[in-house]
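Secondary and tertiary structure notes
What follows is the residue order along each chain.
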Protein chains: 2
Amino acid sequence: MAHPQEDTLIARQITPTPMRLLVLEVLQRHPAALSLADVELLLGHADRITVHRTLKTFTEKGLVHRIEDGSGAVKFALCEPGCTPEHHQDLHAHFFCTRCRETSCLPTVAVPIIALPGAYQVQETSLVMKGLCENCASAG
Amino acid sequence: MAHPQEDTLIARQITPTPMRLLVLEVLQRHPAALSLADVELLLGHADRITVHRTLKTFTEKGLVHRIEDGSGAVKFALCEPGCTPEHHQDLHAHFFCTRCRETSCLPTVAVPIIALPGAYQVQETSLVMKGLCENCASAG
DNA sequence: CGGACGATGCAATGCTATTGCATTGTTTCA
DNA sequence: TGAAACAATGCAATAGCATTGCATCGTCCG
Ligand SMILES: [Mn+2]
Ligand SMILES: [Mn+2]
Ligand SMILES: [Zn+2]
Ligand SMILES: [Zn+2]
């Protein structure tokens, strides 16, 4: 067993490959949510498209979730262990810092369940807050 | 007084021009939030960049608000009369239909005020729900 | 009239996401 | 074992949205 990450991938029915292990490591190592460009940069010399498809596979298998924070680029973050592509356990809010442009998960802030008037059928709810993150707020 | 919309623009300190009156009319006529491409299409032969700058001006003056619904394109919708660029009165949720790709304001659904742990400074909160709109849900 | 300023429109560019296709590598099975 | 089948990769190309540069036009003053 070379990498402990292999089990993580296999558990989600993702064939482990060197590239996928590298992307997973980067996601595990960084606390903030990462965009495609972020991952590409952190990996050094990785092909952008392969990383893109890796993240797409991870999303489809329930290993990561997508965060649309309005920054223009979709961010990705690891899911909780219990998540599946259909039923995510980690339905939490996200925070986008307008100063350092970092996006972070707020695992303690649950997305509220809201009853809509009329015949709306809600499939997904996203709650994004913008402002200054803890670092930037204290840095002035 | 040629157009009744002129007063609306003047009240927001926006110089009325033919293009701006046309864009405002389109926004008033359509209940759903509109993207830049939507407005361009509805206007017929309008220059995309001019419409873009018109919407930017409208946003800066507090006449419309931006909606980032994750569709890839930013949507725009008219604000309530009391809104200013700094203090929006209409802090409501939005709904994006995954079938017809229309985005609508939910004026009756207020964005919840959420206290964040730590030193976060929230400037703005966005609550977007995805699913089937009333039309698409009843159409099956 | 002539300058100042704002609005407009065309061209060009940047950035993100996505697809096509050839190649490589690995698994499967006769 | 060897060939077919399949998945993953990487380069090229494309699409779509947003934004900037710059020249032009029009209007408002002085
Ligand atoms: Mn998250
Ligand atoms: Mn709205
Ligand atoms: Zn920050
Ligand atoms: Zn719909």
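Above this note sits the structure.
The notes below deal with the structure included here. (Residues numbered from 1 in each chain as written. Chains lettered and ligands numbered in written order. Predicted model: local features only at pLDDT ≥ 70, side-chain atom pairs only at ≥ 80, totals over all residues. Heavy atoms only, no water.)

Attention shifts here to the pairing of strand β4 (residues 92–97) of chain A. Residue and element names in this part refer to chain A. Within β4, six of the six residues are buried, which leaves it mostly tucked inside the rest of the structure. Connecting β4 to the next strand, strand β5 (residues 103–110), in antiparallel fashion are five residues, including R101 with a positive phi near 60°. Where β4 meets strand β6 (residues 121–132), four bridges bridge the pair, whose relative direction is parallel. Note on β6: the bridge partner recorded for H94 is V128. (Buried < 20%, exposed > 50% of the residue type's maximum accessible area, 1.4 Å probe, protein only. Helix = DSSP H or I, 4+ residues; strand = E, 2+ residues; numbered from the N terminus. Pairing = 2+ DSSP bridges.)

Despite not being glycine, A:R101 shows a phi value in the positive range, around 60°. If you trace the backbone, A:R101 turns up in the loop between β4 and β5.

Residue and element names in this part refer to chain A. The interhelical angle for the contact between helix α3 (residues 36–43) and helix α4 (residues 48–60), taken along N-to-C directions, is 120°, at an axis separation of 10 Å. In terms of their interaxial angle, α3 and α4 are classed as oblique. In this structure, the crossing between α3 and α4 has a hand that is right-handed. On α4, the residues that touch L36, A37, V39, E40 and L43 of α3 are R48, V51, H52 and L55. Across the contact of α3 with α4, the residue classes tally to six nonpolar, one polar and two charged. (Axes fitted to C-alpha atoms, helices over the stretch in contact; angles between N-to-C directions. Parallel < 35°, antiparallel > 145°, perpendicular 65-115°, else oblique. Left-handed = near helix turned anticlockwise from the far one by under 90°. Contact = heavy atoms within 4.5 Å. Nonpolar A, V, L, I, M, F, W, Y, C, P; charged D, E, K, R; others polar.)

Turning our attention to the layout of surface pockets. Estimates place the volume of the largest pocket at around 1,100 Å³. The set of elements that each furnish at least two residues to the lining of the largest pocket consists of α4, β2 (64–67), β4 and β6 of chain A together with β6 (121–132) of chain B. Looking at the lining of the largest pocket element by element, the count peaks at seven residues for β6(A). Volume-wise, the second largest pocket comes out at about 920 Å³. Forming the walls of the second largest pocket are 29 residues, and the residues nearest its centre are B:H88, B:L91, B:Q123, B:E124 and B:T125. Those elements giving two or more residues to the lining of the second largest pocket turn out to be α4 (48–60), β2 (64–67), β4 (92–97) and β6 of chain B. Of all the elements, β6(B) adds the most residues to the lining of the second largest pocket, at seven residues. (1 Å grid on protein atoms, 1.4 Å probe; cavity = no way out; pocket = protein on both sides within 12 Å on 5 of 7 lines; lining within 4 Å. Points joined across faces, edges and corners; volume = space filled by probe spheres on them.)

Turning our eyes to something else, we now look at the packing of aromatic side chains. One pass over the structure, following the stated rule, counts two aromatic pairs over all chains. A ring pair is formed by A:Y120 and B:F95, whose centres lie 4.5 Å apart and whose planes are at 55°; its orientation type is tilted. Linking A:Y120 in the loop between β5 and β6 with B:F95 in strand β4, this pair reaches from one chain into another. Relative accessible area serves as the criterion here: at 17%, A:Y120 is assigned to the buried category. (Phe/Tyr/Trp six-rings, centres within 6.5 Å; stacked < 30°, edge-to-face > 60°.)

What follows is about the sheet that holds β2(B). Residues and elements named next belong to chain B. Spatially, the three strands line up as an open sheet ordered β1-β3-β2, and their pairing is antiparallel. Across the chains shown, the open sheet's two edge strands, defined by having one partner strand only, are β1 (34–35) and β2. Relative to strand β3 (residues 75–78), β1 runs antiparallel, the two sharing two bridges. Across the sheet, residue L34 finds its bridge partner in β3, namely F76. Contacts from helix α2 (residues 18–29) reach β1, β2 and β3 within the one sheet, and its direction differs from that of β3 by about 85°. Contacts between α4 and the sheet are confined to β2 and β3, with β2 contributing the most and set at about 110° to the helix.

Turning our attention to the pattern of salt bridges. For the coordinates displayed, the defined rule picks out eight salt bridges over all chains. If you follow the salt bridges from partner to partner, you end up with A:R66, A:E68 and B:K130 in one network. (Salt bridge = Lys/Arg side-chain N within 4 Å of Asp/Glu carboxyl O.)

So, on to the interface of chain B and chain A. The interface is formed by 31 residues belonging to chain B together with 31 residues belonging to chain A. Both faces considered, chain B and chain A share a buried interface measuring about 2,800 Å² in area, 60% of it formed by carbon and sulfur atoms. Of all residues in chain B, the largest losses of buried area upon contact with chain A belong to B:Y120, B:K130 and B:E134, amounting jointly to 22% of the total for that side. If you look at where chain B meets chain A, you find two salt bridges. A salt bridge links A:K130 to B:E68, with the nearest nitrogen and oxygen atoms 2.9 Å apart. (Buried area = accessible area lost by both parts, 1.4 Å probe.)

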